[in-house]
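# Geometric and topological summary
Chain residues, written in single-letter form:
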Amino acid sequence: QVQLVESGGGLVQPGGSLRLSCAASGNIFGVYIMGWYRQDPGKERELVASISSDGYTNYVESVKGRFTISRDNAKKTVYLQMNSLKLEDTAVYYCNLRKSVQTIWGQGTQVIVSS
């Protein structure tokens with residue numbers, strides 16, 4: 001059983017920064033993709049960023065140049081550095097891990113961007 005635990009969410013002013021972390025625990029190893037999704041009530045969950053085991057990244061267009069995803073394979077942890085935050089970045093952010101037939105979600109961490 002693999003579990004994902006997110007941290008780092010909170011309240012931040014527009015233009016501010018926040019760093020999310022997601023640590024995987026349990027029987028997981030080898031090649032897998034980790035990423036961050038976000039969702040507001042009544043809206044579709046969208047992929048924010050993802051990163052492969054060897055460091056290939058993908059970002060939704062709206063966060064390019066502002067967010068940076070990274071991972072530490074030894075710690076089985078993925079990070080999302082969020083800079084220049086905007087009001088529209090407000091959402092619950094969910095960590096995701098994909099490996100072959102497995103898709104695992106974290107519980108979500110709230111990010112609120114407000115002045």
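First, a word on scope: everything that follows refers to the structure included in this document. Residue positions are given per chain, counted from 1 along the sequence in the order it is written. In view of the model being predicted, local features appear only for residues whose pLDDT reaches at least 70, and side-chain atom pairs are presented and counted only at 80 or more, with totals across whole chains, interfaces and linings using the full set of residues. Side-chain metrics in this entry use all non-hydrogen atoms of the structure; hydrogen atoms and water are not considered.

## Observations regarding the overall build of the protein chain
A count of helices and strands for the protein chain gives zero helices and 11 strands. Each radius of gyration is computed over the set of C-alpha atoms, and the globule rule expresses the reference value as 2.2 Å times the number of residues to the power 0.38. Radius of gyration (C-alpha) of the protein chain: 13 Å, near the 13 Å computed for a compact globule of 115 residues. Taken along the three principal axes of its C-alpha coordinates, the protein chain extends 40 × 25 × 20 Å. Should any heavy atoms of two residues lie within 4.5 Å, those residues are considered in contact. Sequence separation of 24 or more characterises 53% of the internal contacts of the protein chain that already satisfy a separation of 6 or more. The Shrake-Rupley method, run with a 1.4 Å probe, gives the accessible areas here. Residue values count only the displayed protein chains as cover. Carbon together with sulfur atoms contributes 50% to the accessible area of the protein chain, which is approximately 6,200 Å² in total. Positive and negative side-chain charges of the protein chain, numbering 12 and 9 respectively, have mean locations separated by a distance of 5 Å. We count a stretch as a helix when DSSP gives it H or I for four or more residues in a row; a strand needs E for two or more, and each element gets its number in order from the N terminus. Asp and Glu count as negative and Lys and Arg as positive, but His and the ends of the chain are not part of the count. Just so you know, the charge point we use is NZ for Lys, CZ for Arg, CG for Asp and CD for Glu.

## Here we look at the pattern of salt bridges
We define a salt bridge as a contact between a side-chain nitrogen of Lys or Arg and a carboxyl oxygen of Asp or Glu at a distance within 4 Å. Per the stated rule, a full pass over the model turns up four salt bridges. Between Arg66 and Asp89 there is a salt bridge, and its shortest N-O distance comes to 2.8 Å. With Arg66 in the loop between strand 6 (57-59) and strand 7 (67-72) and Asp89 in the loop between strand 8 (77-82) and strand 9 (91-99), the pair connects residues that are 23 residues apart, well separated along the chain. Among the residues examined, Arg66 registers a relative accessible area of 10% and is labelled buried. One network of salt bridges, in which partners are shared, links Arg38, Glu46, Arg66 and Asp89. The buried label goes to any residue with under 20% of its type's maximum accessible area, the exposed label to any with over 50%, and the partly exposed label to all in between, with areas taken from a 1.4 Å probe on protein chains only.

## Description of unusual backbone geometry
Of note, the phi angle at Lys76 is positive, near 50°, even though the residue is not glycine. Counting through the fold element by element, Lys76 comes out in the loop between strand 7 and strand 8. With relative accessibility at 22%, the residue Lys76 sits in the partly exposed group. Phi at Ser100 takes a positive value of approximately 45°, unusual for a residue other than glycine. Residue classification places Ser100 among the exposed residues on the basis of a relative accessible area of 74%.

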